[in-house]
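# Results of the structural survey
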Amino acid sequence: MHKKSGQTAWKVSGYLGIDPNTGKQVNVEKRGFNSKKEAQLFLNRKLVEIDKNGF
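An account of the accompanying structure is given in this report. Remember, predicted model here, so these are calculated numbers, not experimental data.

### With respect to the overall build of the chain
Scanning the chain for helices and strands turns up 1 helix and 2 strands. Listing every helix and strand of the chain by position from the N terminus yields β-β-α. Relative to a compact globule of 55 residues, whose C-alpha radius of gyration would be 10 Å, the chain shows 14 Å and is clearly more extended. In terms of overall dimensions, the chain has a C-alpha envelope of 45 × 20 × 10 Å along the principal axes. The 55 residues of the chain split such that 22% are buried.

### Comments concerning the pattern of salt bridges
Applying the stated criterion to the full structure yields 1 salt bridge. Close ionic contact of glutamate 29 with lysine 11 constitutes a salt bridge, the shortest N to O distance being 3.5 Å. In this pair, glutamate 29 is assigned in strand S2 (residues 25–33) and lysine 11 in strand S1 (residues 10–18), connecting sequence segments 18 residues apart. Under the relative-accessibility criterion, lysine 11 is labelled partly exposed at 46%.

Conventions adopted
Residues numbered from 1 in each chain as written. Predicted model: local features only at pLDDT ≥ 70, side-chain atom pairs only at ≥ 80, totals over all residues. Heavy atoms only, no water. Helix = DSSP H or I, 4+ residues; strand = E, 2+ residues; numbered from the N terminus. Rg over C-alpha atoms; globule rule 2.2 N^0.38 Å. Buried < 20%, exposed > 50% of the residue type's maximum accessible area, 1.4 Å probe, protein only. Salt bridge = Lys/Arg side-chain N within 4 Å of Asp/Glu carboxyl O.

Next up, the structure:
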């Protein structure tokens with residue numbers, strides 16, 4: 001995604017699974033990362049957090 005200033009920003013969106021309490025899908029979407037690596041790191045941390053703590 002390109003900003004008005006001409007800089008490039010990265011956006012991440014991903015499916016985290018189904019919340020057992022509600023039965024609904026849990027998705028995450030965040031934008032404004034400076035690099036692709038930062039965006040991937042954010043998503044991976046969210047996935048690990050869900051694995052450890054649940055929803």
